[in-house]
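# Observations on the model geometry
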Amino acid sequence: MTACLFHPVHEDRAPSLPPFRARALAVLTGGGMLLALAGHSTAARADGLLEKAVGSPEGLTIKGEVRARAEGIDGQFRPRMATDDAMFSLKTTLQVEYDGGPWRIGGELWDARAYGEKSNSSAGTGEVDAMEMVQAYVGLDFGLGGGSKAQVTAGRFTMNLGSRRLVARQAFRNTTNAFTGVNFQWKGRGGDQLTLLWAMPQLRLPDDIEGIHDNSVKWDKETTGLQFFGGSLTKAGVLGGSLEIYGYGLAERDGADRPTRNRHIFTPGLRAFRAPKTGRFDYDVEGAYQFGRTRATTAPTDRTDLDVSAYFIHAEAGRTFAAGWKPRLSLDFDIASGDRSDGKTFNRFDTLFGARRFDFGPTGLFGAVGRFNTISGGARVEVKPDSKSDIMVMYRALWLDSATDSFSNTGVRDASGKSGSFGAHQIEARYRRTLIPEVLRVDTGVAYLAKGRFLERAPNAPQTGDTRYGYVDLYFDF
């Protein structure tokens, strides 16, 4: 479906857990309720480690994952941040869902922590969100005739919408976006899809420097002062692929305890795409326009509402060849508007709740590029040496859309516009391999940012040389 609220479990075939680990699982998952559910069924099926630990009850799905990451950066591009930094982070998730047909009830615990970063590290709420219940929902599934299916989900949930550029459940980032509200999804037999939603985005906590460095446990909150709503419709079989149209609204209200830019914006967009497949061309073209009103800063003294006029475009064309390693070659182009210096309108595109790793490289301690004030073109090569591994290499050239706005996610700015508009060259490489199917896998990569004139000459640009970054991820699914 266009939106995925709960992600199905890998059916790991592994021995049952010993009794003491089964008891620990019962505590973690609210034991009494789950064990009571387990007593209603003894049906045999292929289950994962955790499901076997509670007796493999029919209708119960349990999925866990631990990801350990080591990463480091040198030649920092952000002003006032550590010139070089290293961090070890852990992400542990536990998802549980009971499907009684047609009703579902589920939840997910997400524990994201970081260790060893410097006191002036760039690590923030994207890296730390300790012991958070990001999902806690009830759902109803039903048919609508003609082979179509629908579901309604209410409560706390995560979402992937469309390309994930505007709304996503994070995969690379250590923490994720999550929402509290209602989501309706429909899927037709021919592949057509519809999503409608109203939700309050969860505000990740802690958001203070001390709390982040201490991995403090603080419950994320939602508020009617920040509301997200809209929908998307995807039509299959158009131009050899699919066509998606969407519109998302964001309504934000300033508060004494939470200063904001008081955003009231609407983002309509259109996407045409064809998935990669061996022996044929594929494409992904997406564009969105943003309008409404916002303030230029979060300062309490800033009471001026500016009209918003912003946009982003992504265009990608590729081909997968039938040669031994099944190479895919693609050309990519992205432009996302930056704010002009006239002070009459606000032109910086707001990426809402999107993910960016798949377009712009690793995030974490890196993450120089995002979807605002960026013009970028590049080429990508992907190969699969065997069924268990893949390799990707990509080059991008990066410019500023507005020479007077901050350059994408770097925080570097020249309000005079005299530092030019060429930002950098970026090269990245990634290698992923499955070590034990459905249990253990590794993901490792490097990135190099060769700073251009702007990142060398802007008034607040760190004089640290080019940026080098690397990471190693180890995933354990259970």
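For the structure given in this document, a descriptive report is provided here. (Residues numbered from 1 in each chain as written. Predicted model: local features only at pLDDT ≥ 70, side-chain atom pairs only at ≥ 80, totals over all residues. Heavy atoms only, no water.)

## Description of the pattern of salt bridges
Inspection of the entire model under this criterion finds 36 salt bridges. In this structure, arginine 271 and glutamate 244 form a salt bridge, with 3.9 Å as the shortest nitrogen-oxygen distance. Residue arginine 271 is found in strand 10 (residues 264-274), and its partner glutamate 244 is found in strand 9 (residues 241-252); the two are separated by 27 residues along the sequence. By relative accessible area, which is 10% here, arginine 271 ends up buried. Residue glutamate 244 is classed as buried on the basis of its relative accessible area of 2%. Here aspartate 386 and arginine 433 are joined by a salt bridge, their closest N and O atoms 3.1 Å apart. With a gap of 47 residues between them, aspartate 386 in strand 15 (residues 374-386) and arginine 433 in strand 17 (residues 422-436) connect regions that are remote in the sequence. (Salt bridge = Lys/Arg side-chain N within 4 Å of Asp/Glu carboxyl O. Helix = DSSP H or I, 4+ residues; strand = E, 2+ residues; numbered from the N terminus. Buried < 20%, exposed > 50% of the residue type's maximum accessible area, 1.4 Å probe, protein only.)

## Section: the packing of aromatic side chains
A full pass over the atoms with the stated rule returns 15 aromatic pairs. Between phenylalanine 366 and tyrosine 469, the aromatic rings sit 5.4 Å apart at their centres with planes inclined by 25°, giving stacked as the arrangement. Note that phenylalanine 366 is positioned in the loop between helix 5 (357-360) and strand 15 and tyrosine 469 in strand 19 (residues 467-477), a separation of 103 residues in sequence. Neither phenylalanine 366 nor tyrosine 469 differs from the other in exposure class; each is buried. Sitting above the plane of the phenylalanine 273 ring, arginine 271 keeps its charged end 3.8 Å from the centroid. The cationic tip of arginine 441 hangs over the ring face of tyrosine 475; the distance from NZ or CZ to the ring centre is 4.2 Å. (Phe/Tyr/Trp six-rings, centres within 6.5 Å; stacked < 30°, edge-to-face > 60°. Lys NZ or Arg CZ within 6 Å of the ring centre and 35° of its normal.)

## Side note on unusual backbone geometry
Here glycine 101 and proline 102 are connected by a cis peptide whose omega angle stands at 10°. Here the bond from leucine 205 into proline 206 is cis, since omega is 5°, no more than 30 degrees from zero. Position of proline 206 among the secondary structure elements: in the loop between strand 7 (193-201) and helix 4 (209-213). Although it is not a glycine, methionine 131 sits at a positive phi angle of roughly 50°. Structurally, methionine 131 is set in strand 4 (residues 129-145). At asparagine 215, a residue that is not glycine, the phi angle is positive and equals roughly 55°. Position of asparagine 215 among the secondary structure elements: in the loop between helix 4 and strand 8 (226-238).

## So, the nonpolar core
Within the largest apolar cluster, 26 residues are counted, with the highest numbers of intra-cluster contacts made by Phe366, Leu449, Phe454, Leu455 and Tyr469. Within the residue set of this core, elements represented by two or more residues are strand 18 (440-451), helix 6 (453-457) and strand 19. Leucine 455 has contacts with Phe407, Thr410, Val412, Gly423, Ala424, Leu449, Ala461 and Pro462, leaving out every residue within four places of it along the chain. (Core = buried A, V, L, I, M, F, W, Y, C linked by side-chain atoms within 4.5 Å. Contact = heavy atoms within 4.5 Å.)

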